[in-house]
Amino acid sequence: MKYNAMSFSGSKGIEFNTATDIPPLLGKVILVTGGNSGLGRQSVIELAQRKPSLFWLAARSLERARTAVEEIQTVVPNIPIKPLGLDLASCRSVKAAAQTFCDSSGRLDLLLLNAGAMSYTPGMTEDGYEVHFGTNYVGHALLTKLLLPTLLNTAQTYPDSDVRIIFVSSAVHKQAPVGGIQFDSLKSKAPNLDAMARYGQSKLADILFAKELARWYPQVKIASVHPGAVGTPLSASVSSKSFLLRCLMTVGRLFMSSVEDGAKNQLWAATSDAVTSGEYYEPIGVSGKAAKYVNNEVLTNKLWDWTEEEIEGCRMRLDESQ
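Criteria and thresholds
Residues numbered from 1 in each chain as written. Predicted model: local features only at pLDDT ≥ 70, side-chain atom pairs only at ≥ 80, totals over all residues. Heavy atoms only, no water. Helix = DSSP H or I, 4+ residues; strand = E, 2+ residues; numbered from the N terminus. Buried < 20%, exposed > 50% of the residue type's maximum accessible area, 1.4 Å probe, protein only. Contact = heavy atoms within 4.5 Å. Areas by Shrake-Rupley, 256 points an atom, 1.4 Å probe, with all protein chains shown as cover. Pairing = 2+ DSSP bridges. Axes fitted to C-alpha atoms, helices over the stretch in contact; angles between N-to-C directions. Salt bridge = Lys/Arg side-chain N within 4 Å of Asp/Glu carboxyl O. Expected span 1.5 Å × (residues − 1). Arc of directions from axis to C-beta. Core = buried A, V, L, I, M, F, W, Y, C linked by side-chain atoms within 4.5 Å. Bend = angle between axes of the 7 residues up to and from the residue. pLDDT = per-residue confidence, 0-100. Parallel < 35°, antiparallel > 145°, perpendicular 65-115°, else oblique. Nonpolar A, V, L, I, M, F, W, Y, C, P; charged D, E, K, R; others polar. Polar contact = N/O pair within 3.5 Å; in protein donor to acceptor, adjacent residues only side chain to side chain.

Things to note about the overall build of the protein chain
Next up, step 1: Along its length, the protein chain carries 11 helices and nine strands.
Next up, step 2: Across the 322 residues in the protein chain, those meeting the buried criterion constitute 56%.
Next up, step 3: Within the protein chain, contacts between residues at least 6 apart in sequence are counted, and of these 76% link residues at least 24 apart.
Next up, step 4: Accessible surface, the protein chain: about 14100 Å² in total, of which carbon and sulfur atoms supply 52%.

Points about the sheet that holds strand 8 (residues 221-225)
Hydrogen bonds between backbone atoms are what pair the strands of a sheet, whose relative direction is either parallel or antiparallel.
Next up, step 1: One open sheet holds the seven strands; their spatial order is 5-4-3-6-7-8-9, and the pairing between them is parallel. Strand pairing shows two members of the sheet lacking a second neighbour, strand 5 (81-85) and strand 9 (280-281), which therefore form its edges.
Next up, step 2: The pairing of strand 7 (residues 164-168) with strand 8 spans five bridges and is classified as parallel. Bridged to isoleucine 165 within strand 8 is isoleucine 222.
Next up, step 3: Taken strand by strand, helix 3 (residues 62-75) contacts strand 4 (54-59) and strand 5, and its axis lies near 160 degrees from that of strand 5.
Next up, step 4: Along the sheet, helix 6 (residues 195-216) makes contact with strand 7, strand 8 and strand 9, crossing strand 7 at roughly 165 degrees.

Some points on the pattern of salt bridges
Next up, step 1: Within this structure, the stated rule accounts for 11 salt bridges.
Next up, step 2: A salt bridge links glutamate 71 to arginine 41; the nearest nitrogen and oxygen atoms lie 3.0 Å apart. Taken together, the residues glutamate 71 in helix 3 and arginine 41 in helix 2 (residues 38-48) connect sequence positions 30 residues apart.
Next up, step 3: Arginine 41 sits in the buried class, given a relative accessible area of 13%.

Comments concerning unusual backbone geometry
Next up, step 1: In this structure, lysine 51 is a non-glycine residue whose phi angle is positive, near 55 degrees.
Next up, step 2: With respect to the helices and strands, lysine 51 occurs in the loop between helix 2 and strand 4.
Next up, step 3: Unusually for a residue other than glycine, aspartate 162 sits at a positive phi of about 60 degrees.
Next up, step 4: Its place among the elements puts aspartate 162 in the loop between helix 5 (131-157) and strand 7.
Next up, step 5: Exposure remark for aspartate 162: the relative accessible area of 35% places this residue in the partly exposed category.

Here's the deal with helix 3
Think of an α-helix as 3.6 residues a turn; residues three or four steps apart then line up on the same face.
Next up, step 1: The first and last C-alpha atoms of helix 3 sit 20 Å apart over 14 residues, in line with the 20 Å expected at 1.5 Å per residue.
Next up, step 2: Considered for burial, the residues of helix 3 that qualify are Ala65, Ala68, Val69, Ile72 and Val75. Burial along helix 3 is one-sided: seen end-on, the buried residues are contained in an arc of 115 degrees. Residues Glu63, Glu70 and Thr74 are exposed on helix 3 and point more than 90 degrees away from its buried face.
Next up, step 3: Those residues of helix 3 that are buried are in contact with helix 2, strand 4 and strand 5.

Re the nonpolar core
Next up, step 1: Formed by 55 residues in total, the largest nonpolar core has its most connected members in Ile165 and Ile181.
Next up, step 2: For this core, the elements supplying multiple residues, two or more each, are strand 3 (29-33), strand 4, helix 4 (91-104), strand 6 (110-113), helix 5, strand 7, helix 6 and helix 11 (297-321).
Next up, step 3: A total of nine residues in this core trace back to one element, the largest contributor, which is helix 5.
Next up, step 4: Discounting residues that sit within four places of it in the chain, isoleucine 181 has contacts with Phe133, Leu186, Gln201, Leu204, Ala205, Leu208, Leu299 and Leu303.
Next up, step 5: With 37 residues, the next largest nonpolar core counts Val69, Ile72, Ile79 and Ile284 among its residues.

Concerning helix 5
Next up, step 1: The terminal C-alpha atoms of helix 5, which comprises 27 residues, lie 38 Å apart, in line with the 39 Å expected from a rise of 1.5 Å per residue.
Next up, step 2: Along helix 5, the sharpest kink reaches roughly 45 degrees, centred on leucine 147 and followed within four residues by the proline proline 149.
Next up, step 3: Most of helix 5 sits out of view: 20 of its 27 residues are buried.

Focus: the pairing of strand 5
Next up, step 1: Judged from the five bridges that link them, strand 4 and strand 5 form a sheet pairing that is parallel. Of the residues in strand 5, the one forming a bridge with alanine 58 is leucine 84.

Considering the confidence of the model for the protein chain
Next up, step 1: Per-residue pLDDT for the protein chain has a mean of 90; in total, 88% of the residues score no lower than 70.
Next up, step 2: Confidence over residues 1-11 falls short of pLDDT 50; this stretch has 28 contacts with residues more than four positions distant or in other chains.
Next up, step 3: Low pLDDT, under 50, characterises residues 234-242; the predicted model gives this stretch 17 contacts beyond four residues in sequence or across chains.

Thoughts on the packing of helix 5 against helix 11
Geometrically, a packed helix pair is captured by the angle between its two axes and the distance between the axes.
Next up, step 1: Here helix 5 crosses helix 11 at 75 degrees, and the two axes come no closer than 10 Å. By the angle between their axes, helix 5 is roughly perpendicular relative to helix 11. On helix 11, the residues that touch Phe133, Tyr137, Val138, Ala141, Leu142, Lys145 and Leu146 of helix 5 are Leu303, Trp304, Trp306, Thr307, Glu308, Ile311 and Arg315.
Next up, step 2: Residues belonging to the contact of helix 5 with helix 11 are distributed by class as follows: 10 nonpolar, one polar and three charged.

Some points on the environment of serine 188
Next up, step 1: Mapping serine 188 onto the fold places it in the loop between strand 7 and helix 6.
Next up, step 2: Residue serine 188 is classed as partly exposed on the basis of its relative accessible area, which comes to 21%.
Next up, step 3: Leave out the neighbours within four places in its chain, and serine 188 touches Gly123, Met124, Gly128, Tyr129 and Glu130.
Next up, step 4: Among the polar contacts listed, one links the side chain of serine 188 to the backbone oxygen of serine 185, at a separation of 3.0 Å.

Okay, here's the thing in structure tokens:
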């Protein structure tokens, strides 16, 4: 496997070259969810070039994570990477992964929340959430809350650490249902919503949570990003569920970015001095493109309160089961 750094300049975006514009990361500890494939894997490869102190590569299973670590170390030799099993559709798995990390590391400089699920078929997680919302949002929100003490401690202990949390969202958040988030659908299969609406509200939630999290914790730089239209395993898995989607994806791939280009917006957000905490960015570094719901304070507050209640409920259930 050959590594090639590529530059990309969108028509209205910032020019960003991964070979020259990612600063040194010496001493930093990084955790990437969904680091075994697609944009996550590419992000690990790019960031690893800058020699961070330690990488945690999280994947749905420990086996997948271990395989990815072995493969990436053939591209970037001698980089210290630890595999981490993390099923975001399971609060139990999220808690276990966070505990594994916290037991081993007292520092975390970058939390890149890259993993995601997109399913054409309605479903629910083991904790009873709509599968997109439970995986893309609840799992990442719970992980963030569990790792937040370490992130805050890093920001306090290492003043020059530049601690960040980056949520990989999607422009599909603009296809969220009427009202932005239909809260009565979140603990069901949401059969009255189509796949894009279900996916869209989960990605809108990521943006809203990132924005509010930035307000609560100014010590940490937090942003959400849309990678662009990228040909990844996620898009391939969706097209396999529907003949129509398969046809659309076949045509769409003619206009899709490569994974190398698609990872650039999150890499920019993870490393650039130009990032404003709480912002949502489209490729590369373009703000002001979010849907109207992103500026809805009533919706943001409602989601924040809902999330706090659900996370506390998850913690109580898990504690009782031990």
